[in-house]
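This is what each chain is made of:
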Amino acid sequence: MIGFDRLMTGASNIADDVDAMFFAMVALCGFVLLAVTVTLVLFSVRYRRGSQADRSGDHSRHLGVELTWTLVPAVLFIGIFAWSIGLFAKIQTMPKEATSIYVVAKQWMWKVQHADGRREVNQLHIPVGKPVRLTMTSQDVIHSFFVPAFRIKQDVLPNRYTQMWFKPEKTGEFRLYCAEFCGTDHALMRGRVVVMEPAAYALWADAAGTDSLAQQGEALFRQLGCSGCHGPAATVHAPDLAGLYGKPVPLSDGSTVTADARYLRDSILLPSKQVAAGYPDIMPTFQNQIDEEDVIALTAYIQSLDPNPNPDPDPRQEIVDAPR
Amino acid sequence: MPHADSPASFLDAPTGFRSWLLTHDHKRIGILYAIAITAFFFVGGAAAVLIRTELATPQGDVLTADGYNEAFTVHGVVMVWFFLIPSIPSVLGNILLPLMLGARDLAFPRLNLASWYLYALGGIFTIACLIAGGADTGWTFYTPFSTLFSNSNVLLVVVGVFIVGFSSILTGLNFIVTIHSLRAPGMHWFRMPLFAWTMYATSLVMILATPVLSMTLVLIGLERVFGVGIFDPSLGGDPLLFQHLFWFYSHPAVYIMVLPAMGVVSEIIPCFVRKRIFGYRFMIYSIMAIAIVGFFVWGHHMFVSGQSMYAGIVFSLLSFVVAIPSAIKVFNWTATLYKGSISFEAPMLYALGFVGLFLLGGLTGLFLAATALDVHLTDTYFVVAHFHYIMVGGAVMAYMGGIHFWWPKVTGRLYPEAWARFAAILMFFGFNFTFLPQFVLGFLGMPRRYHAYDPEFGLLNAFSSGGAAVLATAYLLPLGYLSWSLFYGARSPANPWAASGLEWQTSSPPPTHNFLETPRVDGGPYEYSPSQAEAEAEAEAEASA
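Residues numbered from 1 in each chain as written. Chains lettered and ligands numbered in written order. Predicted model: local features only at pLDDT ≥ 70, side-chain atom pairs only at ≥ 80, totals over all residues.

Novice: Hey, could you run me through the overall build of chain B in this one?
Specialist: Per the secondary structure count, chain B includes 16 helices and 0 strands. Against the compact-globule benchmark of 24 Å for 545 residues, chain B has a radius of gyration of 23 Å, which places it among compact chains. Taken over the C-alpha atoms alone, chain B extends approximately 75 × 45 × 45 Å along its principal axes. Evaluated residue by residue, chain B yields a buried proportion of 62% over its 545 residues. Residue pairs in contact within chain B that sit at least 24 positions apart in sequence constitute 84% of those at least 6 positions apart. (Helix = DSSP H or I, 4+ residues; strand = E, 2+ residues; numbered from the N terminus. Rg over C-alpha atoms; globule rule 2.2 N^0.38 Å. Buried ≥ 20, exposed ≤ 12 C-beta atoms within 10 Å, placed from the backbone. Contact = placed C-beta atoms within 7 Å.)

This is the structure in structure tokens:
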């Protein structure tokens, strides 16, 4: 059983809870399996043809017995259900203070973008003890981000953001798998999550020395010509983007949406889908011109635009609020 | 060769290829199905052998990555649509349903033959896909991979499955009409054998769910060939829509596979226990509850798909609800043994094997219905092990039990009992040896559909592959001794098990129109008496002593 200990070890905030429930279920189901099997064997032996057993009476129905083994499982199932949804809600509810990291999946690799601009492929470095929120999308087919040691998994879809969060509680390297079949090299779409002590992580993070994600977005914003219309000096009638993030946006069809990551992504790639009220539908699409990583950088930039500039913004603390 | 005292059997009546390929006799059509699905079982089995050979070691060294993906796709598609779904309904149901109801045939004999031809045509497309190089989408055809990204022959296999769906629909329609209109005088609904009830429930699921699959497959074709955006987001579609449609069919499809298995076991156990089945009415309510509630649990395949948390919670609750009637059935089978007079011929061994394996399959299903555990376990080998316990440990064991139980009825021959018992026991152990380690692999985090895997999973996979070798041997044995018995087996009396169903009241094999006189029914099924069985056994022992 070489290597099993390392694999079994849970390394996230919810791993112990999941394991506790799993092994409680193993005990409960093991008991039921054993009880039924033993009964089957005992009856088979005792009532085998030719045995000297009492076979009197009609034993082909009994309402009380039927109701007992209908209601007892029903109550047990409701108990298991209640236990599991409590834990499920914990897994699914995003904490407010999590570090935001972006993941773009493609056949057959994981691309990671940190808020401070560092990028990784098939690796994710994070500090121990801090909650992490992954905002994920796919460039092609459906993938699934699975870290067995954290006991979590979330499908990653094209044209859509999904999110997951976890708090790593042990340092070390943990397997990362793609769990949704995605084509030829699905089995090679593996990576590792490296959980580091805060000091070691700080050293690793400083070694990068690149522009932050928002700064990369700002460069793209100029390069792609977005600033020509959305900039302060623009003559074109286009919405001002400062302070837009997280605010409600009235649309030309009378409805209102929240300007979250999903809305910004759609507005960049499919601008005619949801046109802001009072503005002409003149923005060109950037679909097939920029990839998901550029969209994420642009979103990070737009998010960083504050109508009342804060003197000391920390790009690493920024959070994207895409609704589930 | 008819017995002197019995009418010409349906096997002897007219002979020659034409008489078989144009037959309207439900029993002959059942045999046509048996031959076809047996062939497909070994095609799907060969793919399983390739898969387990590849997975015997962590490196991807036997097949290429694409070759492996094609192997598990063939395995899934063939086993689900060309073996499991038609197995018990189209073979045993076809042959037995009219006999059990006291009817001369199914309600629509020509439609019945048409169903077989549709099955065969669908099969030809699937084999054509294989010959053309296979498909690599998995049996689940998840979009947008299947529509825009896969370079394999997806369309051929989709057409094959589309066609075979109509075979299911027509069979379901035929069974429902037959059960409603062709029951013998006195055969009230609550006098029907449970096997007939499961055929009824299964048929309902077939005609209500299969059209959704057909439509979904058409939509895949439209998107793949004409670029109509339905599932692919770059064309404005929604990939999750596909999953909803697919599982709306494919979860009920699990009950198409397992309800008939429950029906078979409910016939075998009372016969070899010589006792009425425990809780006949509760068994019927459970069958119907499974068929109905089974339609509302599909979202439990999608807890981590991006579906909303609240949808996940509702589907989780309904999944626990559908587990209750299954639990009732297991307890009732067990209770049937109480104060019985039990003998352990091969069909009974298969039936007992079914109860144990189905129970473990059902219990592990509770893990997956529990949302928080499913997040970790879904798409791992835990799921693979779970559904194999239901579909192979459950449905295939029951199918084998049914084949053995009714073999003398259909062929008029007896098979070698010792070989049959040996195969049943070997299958049980081979199966557990193959799939128990996969539960552990899944909990440890090994994802499914991996051509190569990390070395720490090596030991358990080697066990599993070893078990698969045992299991494959066990599946080959019946092919050998049952074929042998067709030619050299002893002639069977009309009712070798002293069973109570109407199908046993006519000769074995039955005449073309089943009964010389329409039977009249004046009591419930399973009129067995354990004390009488004991007295007869004692008398027999004294006579031989």
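Novice: Explanation requested: the overall build of chain A in the structure shown.
Specialist: Looking only at helices and strands, chain A has 8 helices and 12 strands in total. In summary, chain A has a C-alpha radius of gyration of 27 Å against a globular reference of 20 Å for 324 residues, an excess of more than 25%. Judged by the C-alpha coordinates and their principal axes, chain A covers about 100 × 50 × 40 Å. The buried share among the 324 residues of chain A stands at 36%. Counted over contacts in chain A with a minimum sequence separation of 6, partners at least 24 positions apart contribute 68%.

Novice: For this particular structure, what's the right way to read the pairing of strand β7 (residues 152-156) of chain A?
Specialist: Within a regular strand, side chains alternate between the sheet's two faces. Residues and elements named next belong to chain A. Counting buried positions along β7 yields 5 of 5 residues, so the element is predominantly enclosed. In β7, alternate side chains face the same way, and those of I152, Q154 and V156 on one face and K153 and D155 on the other are all buried. When strand β6 (residues 143-147) meets β7, the two strands line up antiparallel, connected through 5 bridges. In the sheet register, F146 faces β7, and the bridge partner there is K153. The antiparallel hairpin formed by β6 and β7 contains 4 residues in its connecting segment, where R151 sits at a positive phi of about 60 degrees. (Pairing = 2+ DSSP bridges.)

Novice: Looking at this model, I keep getting lost on the domain arrangement of chain A. Mind explaining?
Specialist: Interfaces are often sized by the accessible area lost when the parts come together. Residue and element names in this part refer to chain A. Taken domain by domain, chain A holds domain 1 (1-40 + 65-209) and domain 2 (213-317). For domain 1 and domain 2, the distance between their C-alpha centres works out to 32 Å. Elements with a minimum of two residues in the side of domain 1 that touches domain 2: β1 (99-106), β2 (109-114) and β5 (132-138). The element that contributes the greatest number of residues to the side of domain 1 that touches domain 2 is β1, accounting for 3 residues. Classifying every residue of the side of domain 1 that touches domain 2 by side-chain character gives 4 nonpolar, 6 polar and 2 charged. (Domains from an automatic or database assignment. Nonpolar A, V, L, I, M, F, W, Y, C, P; charged D, E, K, R; others polar.)

Novice: Explain the packing of helix α11 (residues 346-369) of chain B against helix α14 (residues 417-444) of chain B to me, please; I cannot follow it from the model alone.
Specialist: Working note: a packed helix pair is described by the angle between its axes plus the distance between those axes. Residues and elements named next belong to chain B. Contact geometry for α11 and α14: axes closest at 9 Å, N-to-C directions at 10 degrees. Judged by the inter-axis angle, α11 sits roughly parallel to α14. Contacts from A346, L349, Y350, G353, L357 and T364 in α11 reach E417, A420, R421, A424, I425, F428, F431 and F439 in α14. Among the residues making up the contact of α11 with α14, the classes are represented as 10 nonpolar, 2 polar and 2 charged. (Axes fitted to C-alpha atoms, helices over the stretch in contact; angles between N-to-C directions. Parallel < 35°, antiparallel > 145°, perpendicular 65-115°, else oblique.)

Novice: Explain the environment of B:A490 here, please?
Specialist: Residue and element names in this part refer to chain B. By the secondary structure assignment, A490 is in the loop between α15 (458-488) and α16 (530-544). When the 12 C-beta atoms within 10 Å are taken as the criterion, A490 is described as exposed. Residues A490 and P416, 74 residues apart in the sequence, show an inter-C-alpha distance of 8.9 Å.

Novice: Where do I start with the sheet that holds strand β4 (residues 123-127) of chain A in this structure?
Specialist: Strand pairing in a sheet relies on backbone hydrogen bonds. The paired strands run either parallel or antiparallel. Residue and element names in this part refer to chain A. Strand order in the open sheet made by the 5 strands is β4-β10-β9-β6-β7, with mixed pairing throughout. Every interior strand has two partners, whereas the edge strands, β4 and β7, have only one. Between one strand axis and the next, the sheet turns through 20 degrees on average, direction left out of account. Against the sheet, helix α4 (residues 198-206) makes contact with β4 and β10 (190-196), and its axis sits at roughly 130 degrees relative to β4, the strand it touches most.

Novice: So what exactly am I meant to see when it comes to the packing of helix α3 (residues 65-101) of chain B against helix α13 (residues 381-411) of chain B here?
Specialist: Residues and elements named next belong to chain B. Two numbers describe how α3 lies on α13: the axes approach to 11 Å, and their chain directions differ by 25 degrees. It follows from the interaxial angle that α3 and α13 lie roughly parallel. Crossing handedness for the pair α3 and α13: left-handed. Residues L84, S87, I88, L92, I95 and L96 of α3 lie in contact with α13, whose contacting residues are M391, A395, A398, Y399, G402, W406 and V410. In terms of residue class, the contact of α3 with α13 is built from 11 nonpolar, 2 polar and no charged. (Left-handed = near helix turned anticlockwise from the far one by under 90°.)

Novice: Quick question: what am I supposed to make of the interface of chain A and chain B here?
Specialist: With 69 residues of chain A in contact, the opposing surface of chain B contributes 75 residues. Elements supplying a minimum of two residues to the side of chain A that touches chain B: α1 (4-8), α2 (15-46), α3 (63-92), β6, β7 and β9 (172-178) of chain A. Tallying contributions element by element places α3(A) first for the side of chain A that touches chain B, with 15 residues. Looking at the side of chain A that touches chain B residue by residue, the classes come out as 37 nonpolar, 17 polar and 15 charged.

Novice: Could you clarify how one ought to interpret helix α6 (residues 154-181) of chain B in this entry?
Specialist: Since the α-helix turns once every 3.6 residues, residues separated by three or four places project in the same direction. For α6(B), built from 28 residues, the straight-helix expectation of 40 Å at 1.5 Å per residue is met to within 8% by its first-to-last C-alpha distance of 41 Å. In terms of burial, α6(B) is largely enclosed, as 20 of its 28 residues are buried. (Expected span 1.5 Å × (residues − 1).)

Novice: When you look at helix α9 (residues 280-293) of chain B in this model, what are you seeing that I'm missing?
Specialist: Taking 1.5 Å of rise per residue, 14 residues should cover 20 Å, and α9(B) covers 20 Å from first to last C-alpha, within 8% of that figure. Along α9(B), the residues classified as buried are B:Y280, B:F282, B:M283, B:S286, B:I287, B:I290 and B:A291. In the core, the buried residues of α9(B) are packed alongside α3 of chain A together with α7 (194-226), α8 (239-273) and α10 (309-336) of chain B.

Novice: Quick question: what am I supposed to make of the nonpolar core here?
Specialist: Soluble globular proteins tend to bury their nonpolar side chains together. Counting residues in each nonpolar core, the largest one holds 262 residues, and the members touching the most others are A:V103, B:A196, B:A261, B:V265 and B:F354. A per-element tally of this core places α3(B) first, with 22 residues. Formed jointly, this core draws a minimum of three residues from each of two domains, domain 1 (1-40 + 65-209) and domain 2 (213-317) of chain A. Setting aside residues no more than four positions away along its own chain, B:A196 makes contact with B:L97, B:M100, B:L101 and B:I179. (Core = buried A, V, L, I, M, F, W, Y, C linked by C-beta atoms within 7 Å.)

Novice: Please explain the sheet that holds strand β8 (residues 162-166) of chain A as it appears in this structure.
Specialist: Residue and element names in this part refer to chain A. Strand order in this open sheet of 5 strands is β3-β2-β1-β5-β8, and the pairing throughout is mixed. For this open sheet the edge positions go to β3 (119-121) and β8, each flanked by a neighbour on one side alone. Averaged over all adjacent pairs, the angle separating strand axes in this sheet is 25 degrees, with direction ignored. Two strands pair when backbone bridges link them, and β1 and β2 are joined in this way by 6 bridges, in the antiparallel orientation.

Novice: Even after reading the chapter, I still don't get unusual backbone geometry, so can you show me in this structure?
Specialist: Residue and element names in this part refer to chain B. Across the junction of T143 and P144, the peptide omega takes the value 0 degrees, indicating a cis bond. With respect to the helices and strands, P144 occurs in the loop between α4 (109-131) and α5 (145-149). The omega torsion across S508 and P509 is -5 degrees, close enough to zero to call that bond cis. Relative to the helices and strands, P509 is located in the loop between α15 and α16.

Novice: So what exactly am I meant to see when it comes to the pairing of β5(A) here?
Specialist: Residue and element names in this part refer to chain A. When you tally the buried positions in β5, you get 7 out of 7 residues, the bulk of the element. Because side chains alternate across β5, one face comprises the buried residues V132, L134, M136 and S138, and the other comprises R133, T135 and T137, equally buried. Pairing between β1 and β5: 7 bridges, direction parallel. Paired with V104 across the two strands is T137, which belongs to β5.

Novice: Quick question: what am I supposed to make of the environment of A:I142 here?
Specialist: Here A:I142 is to be found in the loop between β5 and β6. The exposure class of A:I142 is buried, given the 25 C-beta atoms found within 10 Å. The contacts of A:I142, once residues within four sequence positions are left out, are A:D155, A:V156, A:L157, A:E180, A:C182, B:Y142, B:F145 and B:P239.

Novice: Even after reading the chapter, I still don't get the confidence of the model for chain B, so can you show me in this structure?
Specialist: Parts of the model with low pLDDT should not have their predicted coordinates read in detail. Taken over all residues, the pLDDT of chain B has a mean of 94, while the share at 70 or more is 99%. If you check the scores for this complex, the pTM reads 0.90 and the ipTM reads 0.92. (pLDDT = per-residue confidence, 0-100.)

Novice: In this structure, what is going on with the environment of B:A132? I would like to understand it.
Specialist: Residue and element names in this part refer to chain B. With respect to the helices and strands, the residue A132 is situated in the loop between α4 and α5. Accessibility expressed as a C-beta count within 10 Å gives 12 for A132, which makes it exposed. Sequence separation between A132 and K27 is 105 residues; the distance between their C-alpha atoms is 34 Å. Apart from the residues lying within four places of it in its own chain, the contact partners of A132 are N153 and L156.

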